[in-house]
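Now for the letters of each chain:
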Amino acid sequence: QVRLVESGGGLAQSGGSLRLSCVNSLTSGHILSQYHMGWYRQNPQKRRDLVATITRDGVEDYDDSVKGRFTVSRDDAGNKVWLQMNDLKPEDTAVYYCAAHAQPWRPSYWGQGTQVTVSL
């Protein structure tokens with residue numbers, strides 16, 4: 001089993017940075033190295049969009065809206081995944097979720113989400 005817990009959200013000014021973390025809080029069972037990992041974001045009344053992915057082999061991919069500003073990374077030994085967000089914009093405001101995928105890109109497990117708010 002996997003239980004994902006996100007942290008690191010908060011309030012940032014436009015042009016600022018935040019770093020989100022996602023950890024598998026269960027010490028037994030599956031480890032994140034077995035999964036492709038992704039970061040999604042969702043605004044109220046909008047769908048949940050996939051913005052950054054990293055495969056089991058470490059291959060990264062990004063939605064055009066965040067390319068060049070966000071970086072996804074993983075530490076399989078530590079059972080963690082990060083999303084470094086630079087040059088934040090107000091349109092980045094959303095609840096951010098990490099997800100583990102047994103198969104790309106069909107989520108197997110979700111975290112509870114962390115709010116990111118970017119002010120002008």
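Refer to the preceding data block for the structure.
Bear in mind the structure is a predicted one, so any value in this text is a computation, not a measurement.

**Some thoughts on the overall build of the protein chain**
A tally of helices and strands in the protein chain yields zero helices and 11 strands. The linear arrangement of helices and strands in the protein chain, starting from the amino end, is β-β-β-β-β-β-β-β-β-β-β. Radius of gyration (C-alpha) of the protein chain: 13 Å, near the 14 Å computed for a compact globule of 120 residues. Counting only C-alpha atoms and orienting by the principal axes, one finds that the protein chain spans roughly 45 × 25 × 25 Å. Expressed as a percentage of its 120 residues, the buried residues of the protein chain come to 39%. Counted over contacts in the protein chain with a minimum sequence separation of 6, partners at least 24 positions apart contribute 56%. Of the roughly 6,300 Å² of accessible surface on the protein chain, a fraction of 46% belongs to carbon and sulfur atoms.

**Points about the sheet that holds strand 8 (residues 80–85)**
Across the sheet, which stays open at both edges, the four strands sit in the order 1-3-8-7 with antiparallel pairing between neighbours. This sheet does not close on itself; its edge strands, each paired only once, are strand 1 (4–7) and strand 7 (70–75). Across the sheet, the axes of successive neighbouring strands diverge by a mean angle of 15°, strand direction being ignored. In terms of strand pairing, strand 7 meets strand 8 through six bridges, oriented antiparallel. The residue of strand 8 that forms the bridge with Asp-75 is Lys-80.

**As for the environment of Pro-104**
Along the chain, Pro-104 falls in the loop between strand 9 (94–103) and strand 10 (106–110). Look at Pro-104 and you get partly exposed, because its relative accessible area is 44%.

Calculation rules
- Residues numbered from 1 in each chain as written.
- Predicted model: local features only at pLDDT ≥ 70, side-chain atom pairs only at ≥ 80, totals over all residues.
- Heavy atoms only, no water.
- Helix = DSSP H or I, 4+ residues; strand = E, 2+ residues; numbered from the N terminus.
- Rg over C-alpha atoms; globule rule 2.2 N^0.38 Å.
- Buried < 20%, exposed > 50% of the residue type's maximum accessible area, 1.4 Å probe, protein only.
- Contact = heavy atoms within 4.5 Å.
- Areas by Shrake-Rupley, 256 points an atom, 1.4 Å probe, with all protein chains shown as cover.
- Pairing = 2+ DSSP bridges.
- Axes fitted to C-alpha atoms, helices over the stretch in contact; angles between N-to-C directions.

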